[in-house]
Amino acid sequence: MGRDSWYCVGLLTVLQPRVGTVSSLVDFVFDICRSESRDIAGRVALLLWQIWAARNDVIWNDAYHTSMSIERTTLDAWQQWQEVHKQPSPQVMQHGHNRAQGNNSVWERPNETWLKCNVDVAFHDRNHITSFACCVRDSHEQFIRAQTK
Amino acid sequence: MTVLEGEAVALLEAIHFTDANKWNRVVFESDSSTPVQALSSPSHGDSKFYAIVSSIIYQLYLHSNFEVKFVKRQANMVAHTLARAAYSWASHHIFYSHPSYIEH
C-alpha cells in the first residue's frame, strides 16, 4: 500500500532511484530536500506524514486506508499548504461573480440572473465507488436543483 | 480513476447537468485547484486527465457564460457533503427540493 501511494501521488520516480542508495530515512529525506524541487519535496513530506497517519490508524483505530485515500489527503493537504502560502494575487473582476468581498472561503451568491453550481467528488474506499455531486443555487441563495451520480 | 481525473469529471458532469437544464449563466465552483488551473493554462499531455480537461474547455467555449472558479472547501460544503452522502443511494439522483440533511 505504501508503494502504491508513492505511485498515486506521482512520486515513484523520486522513491525508486534512492532505494538501496541511501541507508536511512533521514538520509532519504535530506537527499530529497537537497536535490529535488520545492514542489516534490513538499509532496514527499506530506505523503510521509499521511502514510504515518494511516499506519497509526491501523494500529490504534483498526481503520484501513487505501492508497487512493492517502493520495487524496496528500494532494488536498499540499493544495491547502500552497493556498495558504501563496502571494496575494490581484483581484480579477468577473462578470458572473461579485468579487467585492474577495474571500473565497465562504459561499457567495452569484450576481442577479446568474446561477451558481458547486461541484465535488467523493471516493468511497470500501467499495471503490466514485460519486460526483453538484448543487445549483441562485442569487437569492435559493436551492434550484442538485444531482449525484 | 485517479483523484485528479475524478475532480475533472465532476466538473464535466456538472456542466452537462446545467446544459441539460438549459441554464446558461452559471458559475461553477470546485475546491480542487489543479483542474481549475488546467483550464486556463492547459499543458498538453495526452493523459486521461487532459482529455477530460479538453472536453471541459470545449464546453466552456460553447457556453460563453459558463465560468469555473476555485474556492476553498469551506465554501463548497454543500457539494462536499452531497458527494459523500451519495454513497447511500441509487447511482443517479436528481434533487428538486433541498435535501434536509444538507446545511444551507
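Residues numbered from 1 in each chain as written. Chains lettered and ligands numbered in written order. Predicted model: local features only at pLDDT ≥ 70, side-chain atom pairs only at ≥ 80, totals over all residues.

1. Some words on the overall build of chain B
No. 1: Secondary structure summary: chain B contains four helices and three strands in total.
No. 2: Start at the N end of chain B and walk to the C end: the helices and strands fall as α-β-α-α-β-α-β.
No. 3: The buried share of chain B, reckoned over its 104 residues, is 37%.
No. 4: Considering only intrachain contacts with a sequence separation of at least 6, the fraction spanning at least 24 residues in chain B is 68%. (Helix = DSSP H or I, 4+ residues; strand = E, 2+ residues; numbered from the N terminus. Buried ≥ 20, exposed ≤ 12 C-beta atoms within 10 Å, placed from the backbone. Contact = placed C-beta atoms within 7 Å.)

2. Describing the interface of chain A and chain B
No. 1: Contact residues are listed per partner, giving 40 residues for chain A and 46 residues for chain B.
No. 2: It is strand β1 (residues 115-124) of chain A that provides the largest number of residues to the side of chain A that touches chain B, a total of ten residues.
No. 3: A breakdown of the residues in the side of chain A that touches chain B according to their chemical character gives 21 nonpolar, 13 polar and six charged.
No. 4: In this structure, strand β3 (residues 143-148) of chain A lies alongside strand β3 (residues 93-95) of chain B, joined through three bridges in antiparallel fashion. Note on β3(B): the bridge partner recorded for Gln147(A) is Ile94(B). (Nonpolar A, V, L, I, M, F, W, Y, C, P; charged D, E, K, R; others polar. Pairing = 2+ DSSP bridges.)

3. Details of the sheet that holds strand β2 (residues 66-70) of chain B
Two orientations exist for strands paired in a sheet by backbone hydrogen bonds: parallel and antiparallel.
No. 1: Strands sit in the order β2(B)-β1(B)-β1(A)-β2(A)-β3(A)-β3(B) across an open sheet of six strands; the sheet is mixed. Two strands bound the open sheet, and with one partner strand each, they are β2 and β3 of chain B. Averaged over all pairs of adjacent strands, the angle between strand axes in this sheet comes to 20°, irrespective of strand direction.
No. 2: In terms of strand pairing, β1(A) meets strand β2 (residues 129-138) of chain A through ten bridges, oriented antiparallel. In the strand pairing of β2(A), Asn118(A) is matched with Cys135(A).
No. 3: Contacts from helix α2 (residues 33-40) of chain B reach β1 (26-30) and β2 of chain B within the one sheet, and its direction differs from that of β2(B) by about 135°. (Axes fitted to C-alpha atoms, helices over the stretch in contact; angles between N-to-C directions.)

4. Structural notes on the confidence of the model for chain B
All names here are of chain B.
No. 1: Looking at chain B as a whole, the pLDDT averages 87, with 90% of positions reaching at least 70.
No. 2: Of all helices and strands in chain B, the one with the weakest mean pLDDT is α2 (87), whereas β1 scores best (95).
No. 3: Per the prediction output, this complex has pTM 0.63; the corresponding ipTM is 0.93. (pLDDT = per-residue confidence, 0-100.)

5. Description of the packing of helix α1 (residues 3-20) of chain B against helix α3 (residues 48-62) of chain B
Residues and elements named next belong to chain B.
No. 1: Following both chains from N to C, one finds α1 and α3 inclined at 20°, their axes separated by 9 Å at the closest point. The angle between α1 and α3 places the two elements in the roughly parallel class. Pair α1 / α3 crosses with left-handed handedness. Across the interface between the two elements, Leu4, Glu5, Ala8, Val9, Leu11, Leu12 and Ile15 from α1 touch Lys48, Phe49, Ile52, Val53, Ser55, Ile56 and Gln59 from α3. (Parallel < 35°, antiparallel > 145°, perpendicular 65-115°, else oblique. Left-handed = near helix turned anticlockwise from the far one by under 90°.)

6. Quick word on the environment of Arg73(B)
All names here are of chain B.
No. 1: In this structure, Arg73 sits in the loop between β2 and α4 (77-85).
No. 2: We classify Arg73 as partly exposed; it has 15 C-beta atoms within 10 Å.
No. 3: Along the primary structure Arg73 and Glu29 are separated by 44 residues, whereas in three dimensions their C-alpha atoms are 9.9 Å apart.
No. 4: Beyond its immediate stretch of four places on either side in the chain, Arg73 contacts Asp31 and His80.

7. Notes on the nonpolar core
No. 1: Cys117(A), Cys134(A), Cys135(A), Leu11(B), Ala14(B) and Phe28(B) are the most contacted members of the largest nonpolar core, which totals 46 residues.
No. 2: For this core, the leading source of residues is α1(B), giving nine residues.
No. 3: For this core, the two domains that each supply at least three residues are domain 1 (2-85) and domain 2 (93-149) of chain A. (Core = buried A, V, L, I, M, F, W, Y, C linked by C-beta atoms within 7 Å. Domains from an automatic or database assignment.)

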